[in-house]
Amino acid sequence: MKPKIASSYRVLVFLLVFCVYGAKTIAQETEVITLLAYLETLEKEHNVRFSYVREEVEGITLKLPSKNGASIENVLLYLQENTQFLYNRINERYITITSKENTGSICGRIIDFETQLPLEGATVISEVNSFKTISNAEGFFYIPPQNKNTIFTVSFVGYTKITKNTSDLSTNCPALLMFPSVSVLEPVMIQNIFTKGIDKNLDGSILLSTQYFGLLPGQVENDVLQIAQALPGVESVDESISNINIRGGMHDENLLLWDDIKMYQSGHFFGLISALNPDITKKVTLYKNGTNIRYGEGVSGVLDMRSKNTVSSKTEAGIGFNLINGNGFLDLPISERFSIQIAARKSINHLWESPIYKNYTKRIFQDSEITNIENNQNNIAINTNENFSFYDFGTKLLWDFSKKDKLRINFLNIDNSLDFNESLETTSQSKTSELDQRSLLGGVSWNHKWNDKIETTALIYGTYYSLDAINRDIFTTQEQVQKNEVLETGLKLDASVVLSENLKLQTGYHFSEIGIANTQDINLPRFRDYEKDVLRTHALFAGLNYLSKNQKTFVAAGLRGNYFGKFEEFLIEPRLSLHQKFGNGFAVEVLGEFKSQSATQRIDFESDFLGIEKRRWVLADGENTSIIKSKQASAGFVYSKNGLFMNVEGFYKIVEDINSANQGLQNQFRFSRAIGNYTVKGAEIVINKKTESFSAWASYLYSKNDYEFGTLSPTTFPNNLDMQHAATLAGSYSWNALKIALGLNWHSGKPYTIPIKNYETTMEVGVTTIRFDVPNSERLPDYFRTDFSAEYLWKLSPTIDARINIALLNLMNTENTLNIRYVPIRNENNEVSVNKIEEVSLGITPNFSFQILF
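Quick caveat, the model's predicted, so the values are computed rather than measured.

Enquirer: So what's going on with the packing of aromatic side chains? Residues and values would help.
Expert: Two measures describe an aromatic ring pair: the distance that separates the ring centres and the angle between the ring planes. One pass over the structure, following the stated rule, counts 13 aromatic pairs. Each ring, one from Tyr707 and one from Phe717, has its centre 5.4 Å from the other, and the planes form 55°; the classification is tilted. Here Phe717 lies in strand β43 (residues 716-718) and Tyr707 lies in strand β42 (residues 694-709), a separation of ten residues in the sequence. As far as burial versus exposure is concerned, Tyr707 and Phe717 are alike and both buried. An aromatic cluster is defined as three or more aromatic residues linked by ring pairs; in this entry it consists of Phe669, Tyr707, Phe709 and Phe717. A cation over an aromatic ring shows up here: Lys282 above the ring of Phe329, its NZ or CZ 5.8 Å from the ring centre. When the ring centre of Tyr461 is taken as reference, the NZ or CZ atom of Lys492 above it lies at 5.6 Å.

Following this line, the structure appears as structure tokens:
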């Protein structure tokens, strides 16, 4: 009897569940909800934003769709069939809603140039009064389709009016940038190129916006210095962040700024990853020519990196990791006018040595004392162990203490540390050598808007760099201490004055005091060398920015004067940037600049830091090291229309008063300190085609780069960085929350010098040396690398996202030769021969990152 009762209960429970579920389903099918409430639900579930006129949507009801968990595309199709609206998906996040009565309406979106936020309530009116409308909460506005080829203006209180033609608009709602009144005549964007977040400006500069960034091949995070290398004319001959070459220049010839404070260290892991945390670096401006007059130093290029500069209205945070480091950031509003930003990273190899860490270690420590690649003359077994770690920490305080005044306080700390332990197998004797590399940056700035036309900024800053090493010899009691220190303090005053609707004056004064010290201390035999130089520089600059009413002509021209007190030398540096549009998407560009630089890096192979870091900062002294000077001119054309972007630019650059000791020559001129110059001439070509979800691009660089040293023989030979051909082919694709990117990188080999065949060595003053052939007459094999990356944004809740990235660097595992050099070695019979040392690139290197965003 009991089994029957149990069976009856099961039947009863089943019927109850069925009835409840069925009732719920019927209720859902017949449940009526307002369209406004349903849109708000969809925004939370699918991480999208709808743009609409609230008065049109209010009061409209509809039946809930029966399918739970349907894709956003199916939901939009259902809404379009069951309401009187059209739903146009602008991108993966924004969807516009317009009445079916206005089918075919064109639209645009009003954006604040500085904050990149939408402007609500901007007035849009045609020149002939055929239409008038305002932008909604998301910055969108709509114009009836019959208004083709009509001139209209956009105005908003506190911003400069802009004039456009309706032919510039489309159903994809392109962005229209508005400038605060005092920021008028800034170099506005021509077009987004390559991927979202890379924009070309009218003044020829490139703007990288990491907070809106898309995806590039080989990236798991927005490493701005690696992203810069995707641009034509920006290369790295050895795959490192600490050796970025802009149009054939050395890395130390680039001016790197973080929140307008000069950096003397750019990389972690001795150059393989950027020292700039992508969570706090929001915007980067790259200049290759036509540099703005406010920038001094950096004869080859400028990378101006900025953190977020607006007080936050809501809390944003994130925590995550990749196979190299753990990271976290916090953007916390304290009040309406005060907020704080904090970001930090720390290496994780003390917890787990990942495959990418092992690849990086192998790559960095080859051709160094740690791998003992040259020779072990003692023929004694040595065990080695290295312990490497890095971290960075940055913070920023933002206080808008009045409507016209903004106070900013910045601090950044970067640290690399290496302990290298050697032990003898026979005696177990061990010694540890150490290397520490650190940077500290800090500044306080005050921005004041006097009125709608005048704005001033004052910055007091300090930056400190230290490279400190102690090398303990395992076979003796010798200890060698080396230190390179840089301390720079300064004051920057900037002012901008709007003279008219089309003309702005830019002027300012910069003062800096740079002190650089180099120490070498050896206990046995006793030797100590200490050098310190200090240089004070005063700079005045002034220039005009002109932008025509139709925004077809942009000119920025000015002069910068630098006075070097120690040498009583005054240098005048003209700068020019011209952009002229001709219609149908075509424009021409002309750029030019004179620049100078007082601090450079000397490459010292004999007194290097454990063979890992061979470069040390030195200051112009008027004797052995001069102030280097550059002149550059370039011209080209730009085409930008309907998602197609093309840019062809030819350039000519000469850098004078360089020291051969700074060039890393690994031949007969290795120890020379000759003064000379190098000349680069070439052309860059970029083609980029974009659709809503796909972007493909190709770039090509041709350049010829030659040294000229009057006191060397021969006087002229190829530059160490003379990679005459470089090309990139890449593409990225986005589908909903998924992004993928694939890219190919190729360049011809750089030059190197070989010994004279059959006469490799010679005896000079009792020392055997290598007899080298014609300098830089041979070429490395061509370099080729394929990279892949993918990103997925996972919506965990309405307020929490998870971002997952994977990347494969050198997907085909191509072995590329980065450098070849020759050294003498002595065998067990005391015979000297020549050893060829080959430095190779990273092999296939997978990486993975996971980040939770709040």
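We are not done yet, so read on.
Enquirer: An account of the nonpolar core is requested, with residue identities and associated values reported.
Expert: If you look at the biggest cluster of nonpolar residues, it comprises 32 residues, and the most contacted ones within it are Phe269, Ile324, Tyr360, Phe388, Val486, Ile516 and Trp617. Going through the elements one at a time, α6 (355-365), β27 (382-399), β30 (454-472), β32 (503-522) and β38 (615-619) are the ones with two or more residues in this core. A per-element tally of this core places α6 first, with five residues. Those residues in contact with Val486 that sit more than four places away from it in its chain are Tyr264, Thr463, Tyr464, Tyr465, Ile514, Gly515, Ile516 and Trp617.

Enquirer: Tell me about unusual backbone geometry, and please be specific about residues and values.
Expert: The peptide bond linking Leu524 to Pro525 adopts the cis configuration, its omega dihedral lying at -15°. With respect to the helices, strands and loops of the structure, Pro525 is situated in the loop between β32 and β33 (527-547). Cis geometry is found at the peptide bond from Ser713 to Pro714, where omega equals 0°. By the secondary structure assignment, Pro714 is in the loop between β42 and β43. Look at Asp260: it is not a glycine, yet its phi comes out positive at around 75°. With respect to the element layout, Asp260 can be found in the loop between β18 (254-258) and β19 (261-262). Positive phi is not limited to glycine here, since Asn810 has a value of about 60°. Here Asn810 falls in the buried class, since its relative accessible area comes to 1%.

Enquirer: Give me the lowdown on the environment of His579, citing residues and values where you can.
Expert: In this fold, His579 is placed in strand β35 (residues 569-583). A residue is classified by how much of its surface remains accessible, and His579, at 1% relative accessible area, is buried. Through-space distance from the C-alpha of His579 to that of Gln551 is 9.9 Å; in sequence the pair is 28 residues apart. Here the side chain of His579 touches Glu589 through a polar contact of 3.4 Å, side chain to side chain.

Enquirer: So what's going on with the pairing of strand β23 (residues 301-306)? Which residues, and what values?
Expert: Strand residues, when the strand is regular, have side chains that alternate between the two faces of the sheet. Of all six residues that make up β23, five are buried, and the element is covered over most of its length. Summarising the sheet, β18 and β23 pair through five bridges and their orientation is parallel. Within β23, the residue paired with Asn254 across the bridge is Gly301. Where strand β22 (residues 283-287) lies against β23, five bridges are found, and the strand directions are antiparallel. Within β23, the residue paired with Tyr287 across the bridge is Val302.

Enquirer: Could you give me a rundown of the side chain of Asn720, with the residues and numbers involved?
Expert: With respect to the element layout, Asn720 can be found in the loop between β43 and β44 (725-735). What makes Asn720 buried here is its relative accessible area of 9%. At 2.9 Å, the side chain of Asn720 and the backbone oxygen of Gln663 are in polar contact. One polar contact links the side chain of Asn720 to the main-chain carbonyl oxygen of Gly664, over a distance of 3.1 Å. Discounting chain neighbours no more than four positions away, the residues touching Asn720 are Gln663, Gly664, Leu665, Tyr707, Lys750, Pro751 and Asn776.

Enquirer: For the environment of Val497, give the residues involved together with the corresponding values.
Expert: Relative to the assigned elements, Val497 resides in strand β31 (residues 479-498). Separated by 46 residues in the primary sequence, Val497 and Asn451 place their C-alpha atoms 9.8 Å from one another. Ignoring any residue separated from it by four or fewer positions in sequence, one finds Val497 in contact with Lys453, Ile454, Leu503, Lys504 and Leu505.

Enquirer: Talk me through helix α4 (residues 72-82); I want residue IDs and the actual numbers.
Expert: Within α4 the residues assigned to the buried category are Ile72, Val75, Leu76 and Leu79. Mapping the buried residues of α4 onto a view down its axis gives an arc of 100°, with all of them on the same face.

Enquirer: So, the pattern of salt bridges: which residues are in play, and what are the values?
Expert: Two side chains with opposite charge may pair up if their charged atoms get near one another. Within this structure, the stated rule accounts for 31 salt bridges. Measuring nitrogen to oxygen at the nearest pair gives 2.9 Å for the salt bridge that ties Glu684 to Arg247. With a gap of 437 residues between them, Glu684 in strand β41 (residues 675-690) and Arg247 in the loop between β17 (245-246) and β18 connect regions that are remote in the sequence. Here the two residues Glu684 and Arg247 agree in accessibility, since each one is buried. The residue Asp259 makes a salt bridge to Lys396 at a minimum N-O spacing of 3.7 Å. Of this pair, Asp259 sits in the loop between β18 and β19 while Lys396 sits in strand β27, and the two are 137 residues apart along the sequence. Neither residue differs from the other here; Asp259 and Lys396 are each classed as buried. Look at the salt bridges and you will find they share partners, linking Asp260, Arg294, Asp304, Arg306, Lys492 and Asp494 into a network.

Enquirer: Can you lay out helix α2 (residues 35-46) for me, pointing to particular residues and giving the numbers?
Expert: The first and last C-alpha atoms of α2 sit 16 Å apart over twelve residues, in line with the 16 Å expected at 1.5 Å per residue. Along α2, the positions that sit buried rather than exposed are Leu35, Leu36, Tyr38, Leu39 and Leu42. Projected down its long axis, α2 carries its buried residues within an arc of 160°, all on one side. Every exposed residue of α2 that faces more than 90 degrees away from the buried side is listed here: Lys44 and Glu45. Note on α2: the residue one or two positions beyond its end, Asn47, has a positive phi of about 55°.

The rules behind the values
Residues numbered from 1 in each chain as written. Predicted model: local features only at pLDDT ≥ 70, side-chain atom pairs only at ≥ 80, totals over all residues. Heavy atoms only, no water. Phe/Tyr/Trp six-rings, centres within 6.5 Å; stacked < 30°, edge-to-face > 60°. Helix = DSSP H or I, 4+ residues; strand = E, 2+ residues; numbered from the N terminus. Buried < 20%, exposed > 50% of the residue type's maximum accessible area, 1.4 Å probe, protein only. Lys NZ or Arg CZ within 6 Å of the ring centre and 35° of its normal. Core = buried A, V, L, I, M, F, W, Y, C linked by side-chain atoms within 4.5 Å. Contact = heavy atoms within 4.5 Å. Polar contact = N/O pair within 3.5 Å; in protein donor to acceptor, adjacent residues only side chain to side chain. Pairing = 2+ DSSP bridges. Arc of directions from axis to C-beta. Salt bridge = Lys/Arg side-chain N within 4 Å of Asp/Glu carboxyl O. Expected span 1.5 Å × (residues − 1).

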